Amino acid sequence: MIVVRDLVKHYRAGDGSVVRAVDGVSFAVEPGEMVGLLGANGAGKTTTLRVLATLLAPTAGTASVAGCDASADPVAVRRRLGYVSATTGVPDRLTPREIFGSFGRLHGLDGAALADRVDRLVAALGLGACADRPAGRLSSGQRQRVSVGRALVHDPPALVLDEPTSALDVIGARDLLDILTGLRDAGHAILVSTHRLHEIERRCDRFVVIHGGRVVAAGTRDELVGPGGDLEQAFFAAVSAAGAR
Amino acid sequence: MTDPIPPAAAPGRFTAALAIARRDLVEFVRDRRTLFVTLLLPMVTYPIVALASALGLRTAVADIESRAATATLAVAVTGAEALPFAERLRAAAASPPRGGPAAADWPAGFEIEPLPDPVANRALASGAADVVVDAPAGTLAALDGDGTATVTARLSTSRDAEPGAARLWEALVANVAADTLARRARGAGLPRAFLEPLRVTFPDGPAAAPVAPSIGPTLVGSVLVLLAVLTLTGAFYPAIDAIAGEKERGTIETLLMAPCSTLQIVLGKFLAVFAITLATLAANVLSIAATGAAAVRMLPAGMSMEIAHPSAGSLATLVAFVGLAAIAAATCLAVTTASKSGKEAQNTLTPVILLVSALAGTALLPGLRGKAWLAAVPFAGQIVVSRLALVGAEGPAPGLPVPVLVALSLASAGALTALLLQGTALLLADEDILFRGPDAAPHGLARPARRKVPSVAQGAIPVVAGLALVWYLQGLAPGDLRLSIPLHQGIAVILPLVAMLAWQRVDTRTTLGLSFPGRGPRGAVTLVGAGLIGAGLFFLSAALLLALGGGDGSPAVRDLTRRLLDLLGNTPWWLSAVLMVLLPAVAEEALYRGWVLAAFAGVSPSRGRAVAAVAAQAVVFALAHLLPERMPATFALGLATGALRVLTGSILPSIVLHAVHNAVPLVLVAMAGGPGGEQLAEIATGGATRLPPAVVAAAALAVVVGAGLVGFAARRWDRGRSPVR
């Protein structure tokens, strides 16, 4: 569903130097699978996800969603992908219902179909009590759920989330991950980037660890973690080994 | 939630734009700042302005009337014939003139006294006497005979003297002369009618004849400029909120993920901002209408606000200003797109609003009102057309009917809006602008972080600083161009640029393009091509200027032309070359094609951003030249030099192009001694009324050949070395 092949993204910094943000990353996420993209700050996670979300053009390699290439046909990718970025906010002066409605219209939904879709999202995300309150007055957890709902309004088969729990407390993070697990079980392909490993250790089917713009480890939890260890130790080991190289 | 939803139909061409516009509009109207600026500001502004103006007018009229009613002229007469001449003056003062200019200046009373010299001098010094007249021996004899009596008069410089004493004294002297003339005519046996060859009577009584003076035409110009500025203000907050606000709130990425082109997103944003701007325009118009109706009652008696075509003129104004609202919305959007936050957008947009307000003000310049092409100039054109529609032509008419001018203004507004939206779409999708970090300094005096080239905002700073310096120092500018050209270049161009280069830590070589445009023949071919374009461009610009507005320019342009001709005629050729060719070419290219263009384009720009940067710096270059008539030519020069810089990566071809462009007048004046010299001199200084078709054709050929040479050399140019490509 989500396929990244030999992805390279270089850009020039303000001082003119070339930054190799992503330097040959490859991985795939199948339908009904949740994959964790792990890496420290500056590892290249956000850049990879932005290329997938058609917000950045790759320097080389490809990123595709449901067979559509992000560079060649960005509009087709956007119709098949839901994207929640690390810095995603919600418009303060609109209510969750209005936010879902406006993005539904952008995706060609209208009338009863749109109203039905908005009602389902409000119910499924537990936003019933605040669906008609301006988003500026919602809690961080509620706002993040609105953000996820906005990405789901067109029912995309693939979902990409960049640090979705970073602004949430423990309960908010658990609720959100419950929602994502439900979506995975319903057949969505989900790619989640995070550096809060303990939250997703038992939730994701597979993990891809990137460091310095390259994949340094990939596999299921059991493949990455040795007997008696945990994901955090495995992550540090992979990153340290890559650093030593 | 995850049930399959009915497959959504692909959004129509404008579905996405309309959905975005609808969403933004809901957001705007829930923002109290926007509502205040849109609706309340005009409702408050016009009544305040009207009240202040009406009160000022009433006070001024009352002041003038009371002065005229109470003015008294104190005259001290000295000299050998002080006594009889004073009597003669008293006689003239006792019989005020029945008509003519003297009657209008007749004071309420006279105090005429013969005084000894020392007393008269003291009175003059203290202001007790407004005038001291010395009547020498023989004055009366000359008056009563047929000679000319010569008296000397001195006016008091004391603050206590009557301010209009000179005028009143002249009125009295004119009356003495009229009395004397009548007496001489009687003495010569001439009939009384001899001195009055024409008399005008008003059969309906004098009250019906003079029309009440109307301040309408004068007022219309100022109100239209205010309307333009306030309409622009209506776009201010919505535009900031529309894109910079989305970036600040972190919602722009979600919008860019919409299944439509960036242009459709920009179109949606534009529609929302345009709608608010139109609402501002409507609120302004309503406020003007209501205030106008109330203000009529506040006018001093005998004054009106009548205008020639209130109904048709208002309709034309409304239509023209819809175009202005569109450009205002598109301009504000385009300017704020490069900003990361609302505050940054506000800082960028404020100087632009001031610059555009100045452009709107140029519509009222006396020499420009009759020019048809001005209708196509954004912000100024709408005012020119509306003013013409409301009060009619006051000087030479533009030669086109008002509906055609309105259509021309609308077409120009539409085309410019479309271009601005395209540019905004290019900027919005630009990765560097979208994802760059905030421009923040650790404290106020810290130098900015080291960069390869300046940021977009840093790019505009020296231009704005230069214009501000020119404005504040204009009072000190000498009239002599030999001094004022270097002074102007120094404070408007060189000083801001040097200050920025010293302060900002940028790569000077990359920013200013300090490299040779290719090795060996390739570089030489590029420079020759640039020179040809420069020469051709001068004549094409001159032809365009003539086609647009004829030979007679505004007083400002005529004055500049006269001074340029004077400079060329009275200065050694090498000094003219330094002042008109070398200095502007090097300094302006370093600032505009170096600093500004590098900032607007960024490091390794996409094709779209490079095009937008060249166009934007050309607009800034044209605006910075301040004279509206010169703007099309300077814009074309900016485009050509900017394209060369981007294409070759070097500043040198741009300098050569600019230098040759500016050198043409010098060459023409040097050749002006030969056959057809006068015409050449006129072309050189922009004073010509037409250009021979052969000259225009040759100029076009030079530009085509020059562009061909540059293109040929640039294709073979090592692309990796160009920093602004």
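Given the structure is predicted, the values throughout are model-derived calculations rather than measurements.

Participant: Looking at this structure, I do not really get helix α6 (residues 170–185) of chain A. What am I missing?
Facilitator: Along an α-helix, residues three or four positions apart point the same way, because every turn accommodates 3.6 residues. All names here are of chain A. A rise of 1.5 Å per residue sets the reference length of α6, with its 16 residues, at 22 Å; its end C-alpha atoms lie 22 Å apart and thus fit the reference within 8%. By the burial criterion, the buried members of α6 are Gly172, Ala173, Leu176, Leu177, Ile179, Leu180, Thr181, Leu183 and Arg184. Where α6 is buried, its residues contact β3 (34–38), α5 (140–152), β7 (158–162), β8 (189–194) and α7 (197–200). Among the residues trailing α6, Gly187 stands out with phi positive, at a value near 110°.

Participant: How do you make sense of the sheet that holds strand β4 (residues 60–65) of chain A when you look at a structure like this?
Facilitator: Where strands meet in a sheet, backbone hydrogen bonds hold them as pairs that are either parallel or antiparallel. Residue and element names in this part refer to chain A. One open sheet holds the 4 strands; their spatial order is β2-β1-β4-β5, and the pairing between them is antiparallel. The sheet terminates laterally at β2 (18–29) and β5 (68–69), the two strands that pair on one side only. Where strand β1 (residues 2–12) meets β4, 5 bridges bridge the pair, whose relative direction is antiparallel. Bridged to Ile2 within β4 is Val65.

Participant: Help me out: how do you make sense of the domain arrangement of chain B in this one?
Facilitator: How big an interface is tends to be stated in terms of the accessible area lost upon association of its parts. What the domain assignment reports for chain B is domain 1 (15–56 + 214–435), domain 2 (72–194) and domain 3 (507–721). Summarising the inter-unit geometry, the C-alpha centres of domain 1 of chain B and domain 3 of chain B are found 32 Å apart.

Participant: Would you take a moment to explain the nonpolar core for this structure?
Facilitator: Generally speaking, soluble globular proteins have nonpolar side chains that are buried together. Counting 151 residues, the largest nonpolar core has Leu52, Phe100 and Leu191 of chain A as the members making the most contacts within it. Beyond its immediate sequence surroundings of up to four residues, Leu52 of chain A is in contact with Ile2, Val4, Ala63, Ser64, Val65, Ala70, Val77, Leu81, Val160 and Leu191 of chain A.

Participant: Explain the confidence of the model for chain B to me, please; I cannot follow it from the model alone.
Facilitator: Low pLDDT means the predicted atomic positions in that stretch should not be read closely. Residues and elements named next belong to chain B. Summary statistics for chain B give a mean pLDDT of 83 and a share of 87% for residues scoring 70 or more. For the stretch residues 1–8, pLDDT sits under 50, and the model shows 25 contacts to residues farther than four places along the chain or on other chains. Note on residues 717–725: pLDDT is under 50 here. Beyond four places in sequence and across chains, it has 34 contacts.

Participant: How should I be thinking about a nonpolar patch on the surface in this particular structure?
Facilitator: Residue and element names in this part refer to chain B. A cluster of nonpolar side chains, contributed by Val29, Leu35, Phe36, Leu39 and Leu40, occupies part of the molecular surface with about 420 Å² of accessible area. The element contributing the most residues to the nonpolar patch is helix α2 (residues 32–70), with 4 residues. Mapped onto the secondary structure, Val29 falls in helix α1 (residues 15–29). Looking at Val29, the relative accessible area reads 44%, which means it is partly exposed.

Participant: Just checking my understanding: could you explain the side chain of Arg78 of chain A for this structure?
Facilitator: Structurally, the position occupied by Arg78 of chain A is in helix α2 (residues 74–80). Asp73 of chain A provides the closest opposite charge to the buried, unpaired Arg78 of chain A, separated from it by 8.5 Å. Within the structure, Arg78 of chain A has its side chain in polar contact with the backbone oxygen of Cys260 of chain B (distance 2.8 Å). Contact partners of Arg78 of chain A, with chain neighbours within four places excluded, come to Thr54, His107 and His154 of chain A together with Leu256, Met257, Ala258, Pro259 and Cys260 of chain B.

Rules behind the numbers
Residues numbered from 1 in each chain as written. Chains lettered and ligands numbered in written order. Predicted model: local features only at pLDDT ≥ 70, side-chain atom pairs only at ≥ 80, totals over all residues. Heavy atoms only, no water. Helix = DSSP H or I, 4+ residues; strand = E, 2+ residues; numbered from the N terminus. Expected span 1.5 Å × (residues − 1). Buried < 20%, exposed > 50% of the residue type's maximum accessible area, 1.4 Å probe, protein only. Contact = heavy atoms within 4.5 Å. Pairing = 2+ DSSP bridges. Domains from an automatic or database assignment. Core = buried A, V, L, I, M, F, W, Y, C linked by side-chain atoms within 4.5 Å. pLDDT = per-residue confidence, 0-100. Patch = residues over 30% accessible without salt bridge, like charges linked within 9 Å, V, L, I, M, F, W, Y side chains within 5 Å. Areas by Shrake-Rupley, 256 points an atom, 1.4 Å probe, with all protein chains shown as cover. Salt bridge = Lys/Arg side-chain N within 4 Å of Asp/Glu carboxyl O. Lys, Arg positive; Asp, Glu negative; His and termini not counted. Polar contact = N/O pair within 3.5 Å; in protein donor to acceptor, adjacent residues only side chain to side chain.

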